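# Structural features, examined
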Amino acid sequence: MDYGGKSLNNATSGKSGTALRLWGALLIGAGVMAGGAAAASPAAADAVVQHRADCPPEVGHGGGHGGGHEGGEQPRRDSHGHLTAEEAAAYERELRDALRDQQGPQTQDSQQEPTVAVAVHIVHAEDGTGDLADSTVKDQIAVLGKAFGGGFSGVDTGFGFRLAEIDRTANDAWFQDFQAHESEIKAELRQGGAATLNLYITNMGEGILGQATFPQDYEDDPQNDGVVVDYRTVPGGGREGFDLGYTAVHEVGHWLGLFHTFQNGCTDPGDYVDDTPYEAERSSGCPEGRDTCPDRPGDDPVHNFMDYSDDRCLNNFTAGQDRRMDEHWTAFRAEQARDQQDPRQSPDPLLRR
Ligand SMILES: [Zn+2]
């Protein structure tokens, strides 16, 4: 693959020189922690400021969004690593090329979406901080299923999720700085192939809620593939405003190929999804009725899982997003799964390890 996007992205995301990937990471504004999510970490409010200052330069390249006009006091999810228009276009080209190479644009919604095997990796502190109960993990998987099944609102995407395994690792160094140990952690823990969702639950620090890789990234860096969420974002996890488990939903949306609803702002082609209204910038809180692209139809999709509203505000994926996830699955994950498994029926590479 020789897309310009590859080198372009490598240039901007010098992170261990690995393949193209999206840090669909979420950053919380300082205001979030002020209210009392601090249950798990008393020094949270200070740490927010510190971690924001520490944001590595490569994730700040989205520009524009770090500024001061996103409205006020409301706590917000902030962005690390928005894709530039060129990066998003490179991903799109890669998607179209892959689909064309396979058998043309055949990805209809009639296609059978899989029940995705989920390998959950809990990386917790040696004193037990961050070590979640099995029941909590199951709650998180259930939230994924409900969200992608249209159980809150929106469409049933057809994607299901099945807990394949939970492993637990007590390691203070890993827990204290996941990003610094990411390669090591994933080399140690990752399971399965392209069709297996590896969900790492750990401490992401005070500013970031989660991150994900894109399906397009798999081929060049399979070991890195997966989703990472902060342990306080799981259902009942205590992160104020963000503990219904929807961070995982959002990140899995990226893992299945979706961009943010505010990708490209009011400019074509937006997020490459027809039925999500254009949106100039991320949402925060729950700004119902907001319309940041008044020349475009529709209010901002602030209830969409791929926006940045508080968990309580999010409730849907659209039919267009469903189609796009199907396309990505077909292009990058289903094929890989078939390659790696004997009969294409078995959706669970884990069983073969
Ligand atoms: Zn994101």
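What comes next is a walk through the structure.

Thresholds applied
- Residues numbered from 1 in each chain as written.
- Predicted model: local features only at pLDDT ≥ 70, side-chain atom pairs only at ≥ 80, totals over all residues.
- Buried ≥ 20, exposed ≤ 12 C-beta atoms within 10 Å, placed from the backbone.
- Helix = DSSP H or I, 4+ residues; strand = E, 2+ residues; numbered from the N terminus.
- Pairing = 2+ DSSP bridges.
- Axes fitted to C-alpha atoms, helices over the stretch in contact; angles between N-to-C directions.
- Contact = placed C-beta atoms within 7 Å.
- Core = buried A, V, L, I, M, F, W, Y, C linked by C-beta atoms within 7 Å.

## Structural notes on helix α8 (residues 246-255)
- Among the 10 residues of α8, 10 are classified as buried, and the element is accordingly described as predominantly covered.
- Burial in α8 covers these residues: Y246, T247, A248, V249, H250, E251, V252, G253, H254 and W255.
- Where α8 ends, the next residue or the one after it, G257, has phi of about 110 degrees, a positive value.

## Let's talk about the pairing of strand β7 (residues 227-230)
- Alternating residues of β7 divide into V227 and V229 and V228 and D230, and every residue in both groups is buried.
- Pairing geometry for strand β6 (residues 210-212) and β7, over three bridges, is antiparallel. Each residue of the ladder has a partner; that of A212, found in β7, is V227.

## Things to note about the environment of G257
- Here G257 shows up in the loop between α8 and α9 (319-340).
- Residue classification places G257 among the buried residues on the basis of 24 C-beta atoms within 10 Å.
- Distance in space between the C-alpha atoms of G257 and T213 is 8.8 Å, their sequence separation being 44 residues.

## Description of the sheet that holds strand β3 (residues 115-124)
- Spatial strand order, β4-β3-β5-β7-β6: five strands in an open sheet with mixed pairing. The sheet is open, and its two edges are formed by β4 (160-170) and β6, each paired on a single side. Here the average twist between neighbouring strands, direction ignored, is 20 degrees.
- Against the sheet, helix α5 (residues 134-148) makes contact with β3 and β4, and its axis sits at roughly 145 degrees relative to β4, the strand it touches most.
- The strands that α8 touches are β5 (197-202), β6 and β7; relative to β6, the one it contacts most, it runs at about 15 degrees.

## What about the nonpolar core?
- With 63 residues, the main nonpolar core has V118, L144, I201 and V227 as its most contacted residues.
- Ignoring anything within four residues of it in the chain, the contact list for L144 reads F161, A248, V249 and V252.

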